Amino acid sequence: MLCNNIGVNSAGHLTFAGLDTTALAAKHQTPLYLMDEDRIRANCRLYKEAMSASFGEGSYPLYASKAASFKHMYEIMAEEGMSIDLVSSGEICTAVKAHFPMERSFFHGNSKTDFDISYAMDCGVGHFVIDNLTELEAVSAEAQRRGICQKILLRLTPGIDPHTYEAVATGKVDSKFGLAIETGQAEEIVRRALELPALELLGYHCHVGSQVFDEDGTVYLDAADIFLRFSAEMQARYGFFPAVLNLGGGFGVRYTEDDPHVDIPGNIRTIANHMRARCAALNIPMPAVLMEPGRSIVADAGMTLYTVGTVKEVPGYKNYVSIDGGMTDNPRYALYGSRYTVLSATAPLSEADLPCDLVGRCCESGDIIQPAIALPKPQRGDIIAVCTTGAYNYSMASNYNRIPRPSVVMLRGGEDFVAVRRESLEDLVRNDL
Ligand SMILES: *Cc1c(COP(=O)(O)O)cnc(C)c1O
């Protein structure tokens with residue numbers, strides 16, 4: 001199986017986190033997001049332990065909560081001692097409602113509004129990750145007005161192509177995120193940040209991209225090299241050395257059997273050893289290191305269940321299996337052409353004899369969950385499972401075609417409970433006047 005939380009039980013049904021998925025579909029209705037809470041917690045511990053073992057005290061992971069943001073996720077992160085990334089007032093509000101200790105939060109975004117800045121300060125967000133000079137001035141002015149000193153990091157772009165999808169590559173010089181070292185704008189914002197008394201500059205941030213496999217390890221090592229060299233230069237010029245370097249997120253996960261497995265502790269160890277050697281060569285101290293995994297914390301903890309509506313055969317062309325969800329609950333194929341593993345939950349061991357496209361119910365030809373797969377020929381009412389949907393599925397869901405968003409059901413220690421209720425038809429018209 002793709003992941004060891006997926007199996008088949010004695011009834012011949014697909015299981016997830018040890019529970020019968022067809023029974024979960026019957027109990028909670030479909031479409032349904034399942035989240036394996038034990039896996040989420042194990043993934044957090046993997047990062048925490050690897051980072052403190054390799055980088056030492058003061059280095060830790062932040063969960064990039066845009067991957068899956070709802071109250072219970074922040075409760076898990078609080079309990080696991082994780083810090084978090086937030087990218088909007090909505091995520092901040094959700095974390096606050098979950099009683100997350102906000103001093104452990106980092107506020108990202110390339111276009112924070114005046115409201116966002118002020119709301120984040122009201123909520124005690126610990127750190128702002130500043131994207132550009134205009135924002136630096138705006139955050140400084142608001143901190144000054146409040147008589148506080150706001151901790152910040154500066155988002156810089158190292159000018160690296162992580163060789164992932166264009167839409168999720170963020171570390172290139174011409175990125176919409178951050179300021180480039182190459183153009184001199186990074187130095188300019190460091191100089192300015194150091195002049196502003198209401199801001200405390202802690203260090204630098206970069207995020208090179210997402211779903212990075214980096215089998216030869218160069219992307220993170222190159223980014224670290226560029227940042228250490230830049231840190232040494234800034235120290236020589238302005239006497240400022242960063243207490244922390246945030247290397248961002250981005251480790252890839254296995255969506256299909258063809259994807260490689262990323263050895264996260266091994267990668268972290270390699271990065272740490274490399275950075276220590278570079279720091280020694282540059283004669284600078286080793287800063288604390290932060291990393292911001294999103295996908296690799298939650299993706300393999302997720303599975304989506306659907307009910308089959310029709311099987312349409314277009315003789316001589318192709319077959320369509322239509323389900324009761326689609327791009328509204330999972331837009332990733334439509335956005336990125338993302339690959340997924342699709343299984344029959346009803347009959348996972350039957351021969352996959354029907355070549356087909358798994359398509360959604362929206363009025364868009366592009367509403368495809370996954371093309372060119374094979375399934376045991378399903379009947380109306382069969383349950384289909386799409387694996388590895390824990391990241392960027394619920395969080396990217398929409399109400400297109402006025403389709404209610406599915407519920408999120410957590411699986412923990414062999415029990416299931418609802419973390420996010422299914423939207424009702426009434427919910428859909430709640431704000432219509
Ligand atoms: C999206 C994002 C992440 C998380 O990326 P993953 O690929 O989900 O690990 C981390 N940091 C920043 C700034 C991001 O925008």
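Residues numbered from 1 in each chain as written. Predicted model: local features only at pLDDT ≥ 70, side-chain atom pairs only at ≥ 80, totals over all residues. Heavy atoms only, no water.

Asker: Break down a nonpolar patch on the surface for me, citing the residues and quoting the values.
Answerer: Together, Met-1, Val-8 and Leu-349 make up a nonpolar patch on the protein surface, roughly 300 Å² of accessible area in all. Note that Leu-349 resides in the loop between β16 (342-344) and β17 (354-359). (Patch = residues over 30% accessible without salt bridge, like charges linked within 9 Å, V, L, I, M, F, W, Y side chains within 5 Å. Areas by Shrake-Rupley, 256 points an atom, 1.4 Å probe, with all protein chains shown as cover. Salt bridge = Lys/Arg side-chain N within 4 Å of Asp/Glu carboxyl O. Helix = DSSP H or I, 4+ residues; strand = E, 2+ residues; numbered from the N terminus.)

Asker: Describe the site of the ligand, with residues and values.
Answerer: Around the ligand sit 15 residues in total, of which Lys-66, Ser-210, Glu-292, Arg-295 and Tyr-392 are the nearest. With respect to the ligand, the backbone of Arg-295 contributes an N or O atom lying 2.7 Å from an oxygen atom. Contacts to the ligand include Tyr-392, whose side-chain N or O atom sits 2.6 Å from an oxygen atom. Considering the ligand on its own, with 390 Å² of exposed area, one finds that the protein chains cover 93% of that surface. For the shell around the ligand, the residue count by class is three nonpolar, seven polar and five charged. (Near = heavy atom within 4 Å. Polar contact = N/O pair within 3.5 Å; in protein donor to acceptor, adjacent residues only side chain to side chain. Nonpolar A, V, L, I, M, F, W, Y, C, P; charged D, E, K, R; others polar.)

Asker: Would you mind going over the confidence of the model for the chain in detail, with residue names and values included?
Answerer: Of all residues in the chain, 97% attain a pLDDT of 70 or more, and the chain-wide mean is 95. Averaged pLDDT values over the elements of the chain bottom out at 93 in strand β10 (residues 179-180) and peak at 99 in strand β4 (residues 32-36). (pLDDT = per-residue confidence, 0-100.)

Asker: Could you give an account of the sheet that holds strand β1 (residues 6-8), naming the residues involved and the relevant values?
Answerer: If you trace the three strands from one edge of the open sheet to the other, you get β1-β2-β3, paired in antiparallel fashion. The sheet is open, and its two borders are formed by β1 and β3 (19-20), each paired with just one other strand. Both strand β2 (residues 14-16) and β3 contribute to a ladder of two bridges, which runs antiparallel. Each bridged residue has a counterpart across the sheet, and for Phe-16 the counterpart in β3 is Leu-19. (Pairing = 2+ DSSP bridges.)

Asker: Mind laying out the domain arrangement of the chain, listing which residues take part and the relevant values?
Answerer: When the domains of the chain are assigned, the result is domain 1 (6-36 + 299-429) and domain 2 (37-294). Centre-to-centre, using C-alpha coordinates, domain 1 lies 33 Å away from domain 2. At the interface, 24 residues of domain 1 touch 21 residues of domain 2. Taken together, the two surfaces of domain 1 and domain 2 that pack against each other cover about 2000 Å², and 59% of this comes from carbon and sulfur. Summed over the three residues of domain 1 that lose the most area to domain 2, namely Asp-36, Tyr-336 and Tyr-392, the buried surface amounts to 26% of that side. At the junction of domain 1 with domain 2, the criterion picks out two salt bridges. Between Glu-37 and Arg-412 there is a salt bridge; the shortest N-O distance is 3.3 Å. For the pair domain 1 and domain 2, the number of links is 13 residue pairs in polar contact (both at pLDDT 80 or more). Only β4, α11 (332-336), β20 (407-412) and β21 (415-420) provide two or more residues apiece to the side of domain 1 that touches domain 2. Looking at which element gives the most residues to the side of domain 1 that touches domain 2, the answer is β20, with four residues. The residue inventory of the side of domain 1 that touches domain 2, partitioned by class, reads 14 nonpolar, five polar and five charged. (Domains from an automatic or database assignment. Contact = heavy atoms within 4.5 Å. Buried area = accessible area lost by both parts, 1.4 Å probe.)

Asker: Explain helix α2 (residues 37-55) to me, using residue names and the numbers behind them.
Answerer: Compared with the 27 Å implied by 1.5 Å per residue over 19 residues, the 27 Å span of α2 between its first and last C-alpha is a close match. All of the buried residues in α2 are Glu-37, Arg-39, Ile-40, Arg-41, Asn-43, Cys-44, Tyr-47, Ala-50, Met-51, Ser-54 and Phe-55. Its side-chain oxygen at 3.2 Å from the backbone nitrogen of Asp-38, Asp-36 defines the N-terminal cap of α2. Just beyond α2, the residue with positive phi is Gly-56, at close to 90°. (Expected span 1.5 Å × (residues − 1). Buried < 20%, exposed > 50% of the residue type's maximum accessible area, 1.4 Å probe, protein only.)

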